[in-house]
Amino acid sequence: MSGINFLFPEFEVVRNDDRCIRCRVCERQCANEVHFYDAARDRVFSDESKCVNCQRCVSLCPTRALKIVRSDCRLRENANWDSDTIREVYKQAESGGVLLSSMGNPKPLPVYWDKLLINASQVTNPSIDPLREPMETRVFLGKKPKTLERDGNGKLKTELTPQLELDIPVMFSAMSYGSISYNAHASLARAATALGTCYNTGEGGLHEDFYKYGPNTIVQVASGRFGVHEDFLQAGAAIEIKMGQGAKPGIGGHLPGAKVGPDVSRTRMIPEGSDAISPAPHHDIYSIEDLRQLVWSLKEATGHVKPVIVKVAAVHNIAAIASGIARSGADIIAIDGFRGGTGAAPTRIRDHVGIPIELALASVDARLREEGIRDRVSLVAGGSIRSSADVVKAVALGADACYIATAAVLALGCHLCRTCQSGKCNWGIATQRPDLAKRLNPDIGSQRLINLMTAWKREIMELMGGMGINSIEALRGNRLMLRGVGLNETELRILGVSHAGE
Amino acid sequence: MMRTIDATGMEFTELNGLLRRTEGDIELQGCLGQRFIGAGMGNRKIRIHGIPGNALGAYLNGGELEVFGNAQDAVGDTMNAGTILVHGSIGDTAGYAMRGGKIYVRGNAGYRTGIHMKAYKEHLPVIIIGGRAGSFLGEYQAGGILVVLGLHTDGRPIVSNYPCTGMHGGKLFLRSDCRDLRFPKQVTARPASPEDLEEIGDYLEEYCALFGLDRSHILSSPFTVVTPDSANPYRQMYVAN
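Just so you know, these numbers come straight off a predicted model, no measurement behind them.

Parameters at a glance
Residues numbered from 1 in each chain as written. Chains lettered and ligands numbered in written order. Predicted model: local features only at pLDDT ≥ 70, side-chain atom pairs only at ≥ 80, totals over all residues. Heavy atoms only, no water. Contact = heavy atoms within 4.5 Å. Buried area = accessible area lost by both parts, 1.4 Å probe. Salt bridge = Lys/Arg side-chain N within 4 Å of Asp/Glu carboxyl O. Buried < 20%, exposed > 50% of the residue type's maximum accessible area, 1.4 Å probe, protein only. Helix = DSSP H or I, 4+ residues; strand = E, 2+ residues; numbered from the N terminus. Polar contact = N/O pair within 3.5 Å; in protein donor to acceptor, adjacent residues only side chain to side chain. Core = buried A, V, L, I, M, F, W, Y, C linked by side-chain atoms within 4.5 Å. Domains from an automatic or database assignment. pLDDT = per-residue confidence, 0-100. 1 Å grid on protein atoms, 1.4 Å probe; cavity = no way out; pocket = protein on both sides within 12 Å on 5 of 7 lines; lining within 4 Å. Points joined across faces, edges and corners; volume = space filled by probe spheres on them. Nonpolar A, V, L, I, M, F, W, Y, C, P; charged D, E, K, R; others polar. Phe/Tyr/Trp six-rings, centres within 6.5 Å; stacked < 30°, edge-to-face > 60°. Lys NZ or Arg CZ within 6 Å of the ring centre and 35° of its normal. Pairing = 2+ DSSP bridges. Axes fitted to C-alpha atoms, helices over the stretch in contact; angles between N-to-C directions.

**Quick notes on the interface of chain A and chain B**
By a widely used convention, the size of an interface equals the accessible area lost when the partners come together. Contact with chain A, which involves 46 residues of that partner, is made by 41 residues of chain B. Where chain A abuts chain B, roughly 3,700 Å² becomes buried across the two surfaces, and 54% of that area is made up of carbon and sulfur atoms. Taken as a group, His283(A), Gln293(A) and Glu300(A) account for 19% of the area that chain A buries against chain B, more than any other trio of residues on that side. Seen at the junction of chain A and chain B, the total is three salt bridges. In this structure, Arg225(A) and Asp77(B) form a salt bridge, with 3.3 Å as the shortest nitrogen-oxygen distance.

**A short note on the pattern of salt bridges**
Residues and elements named next belong to chain A. If you walk through the whole model with that rule in mind, you get 46 salt bridges over all chains. Close ionic contact of glutamate 149 with lysine 157 constitutes a salt bridge, the shortest N to O distance being 3.8 Å. Using a relative accessible area of 47% as the deciding quantity, one classes glutamate 149 as partly exposed. Among the residues examined, lysine 157 registers a relative accessible area of 52% and is labelled exposed.

**Comments concerning the environment of Asp77(B)**
With respect to the helices, strands and loops of the structure, Asp77(B) is situated in the loop between strand E4 (61-68) and strand E5 (81-86). Of the residues examined, Asp77(B) reaches a relative accessible area of 3% and is grouped as buried. Filtering out sequence-adjacent residues up to four positions away, Asp77(B) remains in contact with Arg225(A), Asp284(A), Leu294(A), Gly57(B), Ala58(B), Tyr59(B) and Tyr96(B). At a separation of 2.5 Å, a polar atom in the side chain of Asp77(B) contacts the side chain of Thr78(B).

**Considering the nonpolar core**
In terms of nonpolar packing, the biggest core is built from 124 residues, with Phe172(A), Ile429(A) and Leu475(A) touching the most fellow members. Broken down by element, this core gets its largest block of residues, eight residues, from helix H14 (residues 442-467) of chain A. Not counting chain neighbours up to four residues away, the residues in contact with Ile429(A) comprise Ser179(A), Ile180(A), Ser181(A), Ala184(A), Val409(A), Leu412(A), Gly413(A), Cys414(A) and Leu440(A). Counting 44 residues, the second largest nonpolar core, distinct from the first, contains Ile26(B), Met41(B), Val67(B) and Ala109(B).

**Describing the domain arrangement of chain A**
All names here are of chain A. Its domain assignment divides chain A into domain 1 (11-97) and domain 2 (139-145 + 165-473). Look at where the C-alpha atoms of domain 1 and domain 2 centre, and you get two points 33 Å apart. Residue-level contacts link 13 residues of domain 1 with 11 residues of domain 2. Counting each side, the surface lost to burial between domain 1 and domain 2 is near 1,100 Å², with a carbon and sulfur contribution of 48%.

**Topic: unusual backbone geometry**
With omega at -5°, the peptide bond leading from Gly383(A) into Ser384(A) counts as cis. Tracing the chain through its elements places Ser384(A) in the loop between strand E18 (378-382) and helix H11 (388-396). Phi angles above zero are rare outside glycine, and His116(B) is one such case at about 65°. Its location among the elements puts His116(B) in the loop between strand E6 (102-105) and strand E7 (126-129).

**Here's the deal with the confidence of the model for chain B**
Put simply, chain B has an average pLDDT of 94, and 99% of its residues get 70 or more. Confidence metrics for the complex model read pTM 0.95 and ipTM 0.91.

**What about the environment of Gly382(A)?**
Residues and elements named next belong to chain A. One can find glycine 382 in strand E18. Separated by 137 residues in sequence, glycine 382 and glutamine 245 have C-alpha atoms that sit 9.8 Å apart. Ignoring sequence-local partners within four residues, the contact set of glycine 382 consists of Ile335, Asp336, Gly337, Ile357 and Tyr403.

**Description of the layout of surface pockets**
The space that makes up the second largest pocket amounts to roughly 1,200 Å³. Along the walls of the second largest pocket sit 42 residues, with Glu10(A), Arg87(A), Lys91(A), Thr419(A) and Asn241(B) positioned nearest its centre. When contributions to the lining of the second largest pocket are tallied by element, the ones reaching two or more residues are helix H3 (83-95) and helix H9 (347-352) of chain A. Grouping the constituent residues of the lining of the second largest pocket by class yields 11 nonpolar, 14 polar and 17 charged. Counting contributing residues per domain, the lining of the second largest pocket is built from domain 1 (11-97) and domain 2 (139-145 + 165-473) of chain A, each supplying no fewer than three.

**Things to note about the packing of aromatic side chains**
Inspection of the entire model under this criterion finds 10 aromatic pairs over all chains. For the pair Tyr104(B) and Tyr207(B), a centre-to-centre distance of 5.6 Å together with 80° between the ring planes defines the contact as edge-to-face. Residue Tyr104(B) is located in strand E6, and its partner Tyr207(B) is located in helix H2 (residues 194-211); the two are separated by 103 residues in the primary sequence. Here the two residues Tyr104(B) and Tyr207(B) agree in accessibility, since each one is buried. Ring-pair connections join several aromatic residues into one group, and the members of that group are Tyr177(A), Tyr182(A), Phe210(A) and Tyr213(A). One residue, Arg225(A), lies across the ring of Tyr96(B), its end atom 4.1 Å from the ring centre.

**Brief notes about the sheet that holds strand E17 (residues 345-346) of chain A**
Two orientations exist for strands paired in a sheet by backbone hydrogen bonds: parallel and antiparallel. If you walk across this open sheet you meet the three strands as E17(A)-E5(A)-E12(B), and the pairing is mixed. Strand pairing shows two members of the sheet lacking a second neighbour, E17 of chain A together with strand E12 (238-240) of chain B, which therefore form its edges. Sheet analysis places strand E5 (residues 98-101) of chain A next to E12(B), joined by three bridges and oriented parallel. In the sheet register, Leu100(A) faces E12(B), and the bridge partner there is Ala240(B). H3(A) rests against E5 of chain A together with E12 of chain B of the sheet, and its axis sits at about 125° to E5(A).

Following this line, the structure appears as structure tokens:
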């Protein structure tokens, strides 16, 4: 509006012209149209104002002629008014728009995983060598009976409620078809099947090609109920009710009509080009009793053979909320921390709403134990789990399993440029443009996910072995295996761990 | 052949288990508040005498549920196909995210009727309410046809507050000139033309035949039709950060 653009490009495209062979790969690969070839001068130039630093051109340049660096042209920032804060004011003054961001909270808020250290056996209680000894990483998610009864022949008399069996305590968390591409979903589905774990449809329905991966699929029901119908509910190994998401607690989702092409339309079962609006609340849920109704309607519709998961964002009263969910008939509670990723969320919500998963998980686990109802539900922690060490720490804080999504898309080639909302993902992940989506080869994508999870499983077994524990279930809630560093007494009390040295 | 089941004193899990195990059409007697009747069901008929509980016909995938009495909240939640007929009145959030099939109600409806109603290809959901509807009628409506006939006689308005909030698809028909009604900015309300009424003619005929009403009498009053101005109401709201 002002005519003057206050926003100096954030990144600089540095091209070594001696190395550049004018192959123009960078130009063809960049959906943001940063690079262009000038035939008259026989040189490639760039408009860095369009660059999001996704590194696609850097990775594909055959002569390594390119690098992207953060521009050192800085605003006159200070400790209060840093560059990002000033730029956000400029953007809103120019457009009048709500700031929209992608991926997880980038702010320097505490990451408690990094302040927790894991125990190991020395001298007494010998450690176990996972290369030599059997190690159990399998978990069963669902309600557990208080007691087991057997008949005279030793056969189980107790009727067990449905369980979700996982070979590793890690699942791929919800990302809808719409927010990510067909090939990204194919990669996740195939990897989950090979790994004996589950991926999650998100709230966008299930593409007809992926019904065959049903035994390794969690189907999601959110407030917009996109693509939810009888076959969809029957297809999954478990059904997840999405009440909230860590990246945007208290608000809904909104897939713009521009991303609703023929295939997404078919999967969500809405007209092409129509906005897909998932409002913040389920308008039929105003209480735990109402949630109970949705949980039981799903169980009735599917004949009580699948566990029902209720996913909530980690917020201030999460322990009381989880206690209510545990009494609603849900079999599994998934808690999503405030660093969880997203394809699009208002910046202010992403960066300022919610609490860390570490504190939420520990307080929920403690509360459910205090109330004697911990065995009614399994707990799944997500947002964000970055490594096998985070998984081990989460299990020791009370998680039965973890959800990962950002780590999974990184395995698929995501470079965390945090512009998913543009729909122009050069890595073929967060896009519906056919020319971009085809860049992600599901053969390679699924193999990379399998590699990542296989490596994590190996590391989890190493860490467990070091503690002298040979079953992941024996680690669950075992806070004696954790010590805190640099944490105050309140933090230690909530986490339920002692300080290192104690 | 119709089989008869007496639901008296049964918990909903017991009753619904029995319904799932019993083949063919069913005459259900003595229904009193059991939830989730017909959840996920397809291609059969259940005639219900008494009052079914919440979430009647949730995820319904075909067939027919007929209630000789009132029904409660969440009738036809997320239903995909089939028909639900209610001779009495219904509670809140009927037809939540309904994608196909029909809900015909002789009496009144509560809050949020037809919320998130969608449409998709050959699926075109239709709700007809004989009496009046509560607040937030057609909230977030994204498709389908919602009709409220206002045949109630207690003198209250045909719909309470805030109809069509967040509407971005589908059509709403109100048998009223809607002079005293306020609609949100993003929709257009106008008198229904003969072509508009043609669109709901077959449904009205079916409805009148089922409930013994006179179609020409119903069509003798003016109708208002409400449609959204855009399928993308929030397009201009954001700036990339």
